[in-house]
Amino acid sequence: MLNLIGCKKINMSNYKNQKPSIPLDELIKNTRKNQKKYVSPISAVMGIIKRKDEFLVVKKKKESEYWALVAGFVEAGESIEKAIEREVKEETNIKARTKKIIGTFPYFDEKILIMIVLELEYISGKVKADDDIEVASWVKLSKNKMKPGTLGRYIFTKWFLKT
């Protein structure tokens, strides 16, 4: 069960095996039709994982000057917990478990996103960059190693930086 900050735990087991009431191709068609009517953000996740005094961070191939938090898109039918755990495994080879939701944030990049930021617990694995990642590592992080003006830097500074 996931613990939202300041909220009691909710048992979501009844919803884990929920199936659409219509065929998948019709569900996708209806979703795309609705998106023409409404500007709906794309769901994305970002994770922060701390092990001792180090954080798991990545440098993306397209922007390798600064460290960033692991992030990615939520796939259709996937929970946010499974999405961030999958992204962490794909990008860094680390197995992690979601601890709590830090918050949700509007995010404007090349698309309109709703970024759901989660804190994860390290379970196992040796760091290995993969997917669209150039470098993945455990680092003693300071805000100066993260790109100014980014959501990752804001999250890190507001919730995890020791002053």
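These numbers come from a predicted model, not from an experiment.

Colleague: What am I meant to see in the overall build of the chain here?
Modeller: Counting its secondary structure elements, the chain contains three helices and eight strands. Each helix and strand of the chain, ordered N terminal to C terminal, gives the series β-α-β-β-β-β-α-β-β-β-α. Counting over 163 residues, the chain shows a buried share of 34%. Of the contacts made within the chain by residues no fewer than 6 positions apart, 64% connect residues no fewer than 24 positions apart. Carbon and sulfur atoms form 51% of the exposed surface of the chain, whose accessible area is close to 11,000 Å².

Colleague: Before we go on, may I ask you to explain the side chain of Glu-119 in this structure?
Modeller: Secondary-structure assignment places Glu-119 in strand β7 (residues 112-124). Each residue touching Glu-119, except ones within four places of it in the same chain, is listed here: Ile-48, Arg-97, Thr-98, Lys-99, Lys-100, Ile-102 and Phe-160.

Colleague: Where do I start with the environment of Ala-44 in this structure?
Modeller: Here Ala-44 shows up in strand β2 (residues 42-51). Given a relative accessible area of 2%, Ala-44 falls into the buried group. When the C-alpha atoms of Ala-44 and Phe-73 are compared, they prove to be 4.2 Å apart, with 29 residues separating the residues in sequence. Leaving out residues up to four positions away in the same chain, Ala-44 has contacts with Gly-72, Phe-73, Val-74, Leu-113, Ile-114, Met-115 and Ile-116.

Colleague: Mind showing me how you'd approach helix α3 (residues 151-160) here?
Modeller: Helical geometry note: an α-helix holds 3.6 residues per turn, so side chains three or four residues apart project in the same direction. Where α3 is concerned, the buried positions are Leu-151, Gly-152, Arg-153, Ile-155, Phe-156 and Phe-160. Where α3 is buried, its residues contact β2, β3 (54-60), β6 (95-108) and β7.

Colleague: Hey, could you run me through the nonpolar core in this one?
Modeller: As a rule of thumb, nonpolar side chains are buried together in soluble globular proteins. In terms of nonpolar packing, the biggest core is built from 20 residues, with Val-117 and Leu-141 touching the most fellow members. Elements supplying a minimum of two residues to this core: β2, β3, β6, β7 and α3. Broken down by element, the residue count for this core peaks at four residues, all from α3. Ranked by size, the runner-up nonpolar core spans 19 residues in total, among them Ile-49, Ala-83, Leu-118 and Ala-136.

Colleague: Sorry, what's going on with the packing of aromatic side chains here?
Modeller: The relative placement of two aromatic rings is captured by the distance of their centres and the angle of their planes. Following the criterion strictly, the structure yields three aromatic pairs and no others. Seen from their ring centres, Phe-55 and Phe-156 are 5.1 Å apart, and the 90° between their planes marks the pair as edge-to-face. A residue pair is termed long-range when its members are at least 10 positions apart, and Phe-55 in strand β3 and Phe-156 in helix α3 qualify at 101 residues. As far as burial versus exposure is concerned, Phe-55 and Phe-156 are alike and both buried. Look at Phe-105 and Tyr-154: their rings are 6.2 Å apart centre to centre, the planes differ by 80°, and that puts the pair in the edge-to-face class. Pair noted here: Phe-105 is in strand β6 and Tyr-154 is in helix α3, with a separation of 49 residues, a long-range link. Phe-105 gets classed as buried once you look at its relative accessible area, which sits at 14%.

Colleague: For this particular structure, what's the right way to read the pairing of β6?
Modeller: Within a regular strand, the side chains alternate between the two sheet faces. Relative to β7, β6 runs antiparallel, the two sharing twelve bridges. Bridge pairing links Lys-100 to Glu-119 in β7. A loop of three residues connects β6 with β7, the two strands running antiparallel in sequence.

Colleague: Help me understand unusual backbone geometry, please; the structure alone is not making it clear to me.
Modeller: A negative phi holds for most residues other than glycine; trans holds for most peptide bonds. You will see that Lys-52, though not glycine, has its phi angle at about 55°, which is positive. Here Lys-52 is to be found in the loop between β2 and β3. In this structure, Asn-93 takes a positive phi of about 70° despite not being glycine. Along the chain, the position of Asn-93 falls in the loop between α2 (80-92) and β6. Residue Asn-93 is classed as partly exposed on the basis of its relative accessible area of 30%.

Basis of the calculations
Note that residues are indexed from 1 along each chain, following the sequence as it is written. In keeping with the predicted nature of the model, local features appear solely for residues at pLDDT of at least 70, side-chain atom pairs appear and are counted solely at 80 or more, and the whole-chain, interface and lining totals rest on all residues. To obtain the side-chain values, all non-hydrogen atoms of the structure were used and water was disregarded. Only runs of H or I of at least four residues qualify as helices and only runs of E of at least two qualify as strands under DSSP, and these elements are numbered from the N terminus. Under the scheme applied here, a residue whose accessible area is under 20% of the maximum for its type counts as buried, over 50% as exposed, and between as partly exposed, the area being computed with a 1.4 Å probe on protein chains only. The contact definition used throughout considers only heavy atoms, calling two residues in contact when any of these lie within 4.5 Å. Using a 1.4 Å probe, accessible areas were evaluated by the Shrake-Rupley method; residue-level cover was limited to the displayed protein chains. Take the buried residues of types Ala, Val, Leu, Ile, Met, Phe, Trp, Tyr and Cys, join any two whose side-chain atoms come within 4.5 Å, and each joined set is a nonpolar core. In summary, the pairing rule links any two rings of Phe, Tyr or Trp, Trp by its six-membered ring, whose centres are within 6.5 Å, and it sorts them by plane angle into stacked for under 30 degrees, edge-to-face for over 60 and tilted for everything else. Strands qualify as paired when DSSP identifies two bridges or more between them.

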